[in-house]
Amino acid sequence: MDLSSDSAKPKRRRWVYWSLGVAVIFGFLAWRVVLWGMHGTEATWNRGMLKQIGLALHTYHDDYGRFPPAYVTDKDGNPMHSWRVLILPYMDQGALYKAYDFSEPWDGPHNIRLLDKRPVTYGGRFYDGDKTKTHFAAMVGDPCIFRGAVPVSLSEVTDGSSNTLIIGEAVGAGIPWTEPRDIEFEKFTRFGDPNGLSGFDNIAVTVLCADGSVFRIIADQIDGDARAWFTRAGGEEIPRTD
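Given the structure is predicted, the values throughout are model-derived calculations rather than measurements.

Right, let's get into the nonpolar core. Formed by 32 residues in total, the largest nonpolar core has its most connected members in Ile53, Leu57, Trp83, Ile87, Phe146 and Ile167. Of all the secondary structure elements, the ones that give two or more residues to this core are helix H1 (3–64), helix H2 (83–86), strand S3 (136–140) and strand S4 (165–169). Counting residues in hydrophobic clusters, the runner-up holds 21 residues, among them Met139, Ile183, Ala226 and Trp229.

What follows covers the confidence of the model for the chain. In this model, the chain carries a mean pLDDT of 84, and residues with pLDDT of at least 70 account for 77%. Scored below 50 in pLDDT, residues 26–39 makes six contacts in the model with residues more than four places away or belonging to other chains.

Here the focus is the pattern of salt bridges. Enumeration according to the criterion identifies seven salt bridges in this entry. Of the charged contacts, one joins Glu179 and Arg181 as a salt bridge, the two residues approaching to 3.0 Å between their closest N and O atoms. Classification of Glu179 by relative accessible area gives buried; the value is 16%. The partner of Glu184 in a salt bridge is Lys187, with the nearest N and O atoms 3.7 Å apart. Classification of Lys187 as exposed rests on a relative accessible area of 61%.

The backbone phi angle of Asp92 is positive, close to 60 degrees, even though this residue is not glycine. The exposed category is assigned to Asp92, whose relative accessible area is 76%.

This part is about the side chain of Thr178. As for its placement among the helices and strands, Thr178 is situated in the loop between S4 and strand S5 (183–184). Beyond its immediate sequence surroundings of up to four residues, Thr178 is in contact with Ser82, Val85, Tyr100, Trp106 and Leu115.

With that out of the way, let us pick up the packing of aromatic side chains. Within this structure, the stated rule accounts for eleven aromatic pairs. Here the aromatic rings of Tyr97 and Phe102 are separated by 5.4 Å at their centres, their planes lie at 55 degrees, and the arrangement is tilted. Of the residues examined, Tyr97 reaches a relative accessible area of 28% and is grouped as partly exposed. For Phe102, a relative accessible area of 31% puts it in the partly exposed group. Grouped by ring-pair contacts, the aromatic residues Trp83, Tyr122, Phe146 and Trp177 constitute a single cluster. For Arg227, the ring lying beneath its charged end belongs to Phe185, and the centroid distance is 4.7 Å.

Spatially, five strands are ordered S5-S3-S4-S6-S7 in an open sheet, and the strand pairing comes out mixed. Either end of the sheet is taken by a strand with one partner, and the two such strands are S5 and strand S7 (214–218).

Within strand S6 (residues 204–209), six of the six residues are buried, which leaves the element mostly enclosed by the surrounding structure. Going residue by residue along S6, you find Ala204, Thr206 and Leu208 tucked away on one face and Val205, Val207 and Cys209 tucked away on the opposite face as well. By the bridge criterion, five bridges tie S6 to S7 in an arrangement that is antiparallel. Its bridge partner being in S7, Thr206 is matched across the sheet by Arg216. Taken together, S6 and the strand that follows it, S7, pair antiparallel across an intervening segment of four residues, in which Gly212 is found at a positive phi of about 95 degrees.

Each value, and the rule that gives it
Residues numbered from 1 in each chain as written. Predicted model: local features only at pLDDT ≥ 70, side-chain atom pairs only at ≥ 80, totals over all residues. Heavy atoms only, no water. Core = buried A, V, L, I, M, F, W, Y, C linked by side-chain atoms within 4.5 Å. Buried < 20%, exposed > 50% of the residue type's maximum accessible area, 1.4 Å probe, protein only. Helix = DSSP H or I, 4+ residues; strand = E, 2+ residues; numbered from the N terminus. pLDDT = per-residue confidence, 0-100. Contact = heavy atoms within 4.5 Å. Salt bridge = Lys/Arg side-chain N within 4 Å of Asp/Glu carboxyl O. Phe/Tyr/Trp six-rings, centres within 6.5 Å; stacked < 30°, edge-to-face > 60°. Lys NZ or Arg CZ within 6 Å of the ring centre and 35° of its normal. Pairing = 2+ DSSP bridges.

Here is the structure:
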């Protein structure tokens, strides 16, 4: 009877288990590296998209002497068209702008078919999800640069353009990109709210200032009322965390 072969079996099993354990650990570490790389790329992408939006807003301002309104209304005051549509010609999207019918609301029978033609500027890189939704939304309210149907000029931003936020990531808000809907100033409570201004990683929110600069806000490092950072004449300064 050969006992040596029997005694070797437990050793082989231990070797197999050890090898599987090592493979699992290395696989997990490799995935973390890939995920970290995707996060970095996504953050860089969103910064770039917000810079493009900021450039489009300022070019619009150069042409009209004011920023676009948050929305255009019908004769009864109902929002019909978003600022995201109004700046399309300033993002090399002239053909899409011409295809949009301003005689009907954003969700009219013609315009609703344009939802799946969302410009890449309004989307993410890896964490894109529904490609009819925008990843970026403005803060809308009477004290803000986007105060509603009435446009605002830079001369009215007495806090200074570098101290006034206008747009941020709204990855979880689920806003169709042509819908004249953004984040309401009166209802905004905090950065990181998945139904409001939130980033793809639930840690930070990339935001656009009125001067065109872009930075990230670490959600759990905010003290006080962050709504004040969106007011154009409140006298606040933005303590940047990024």
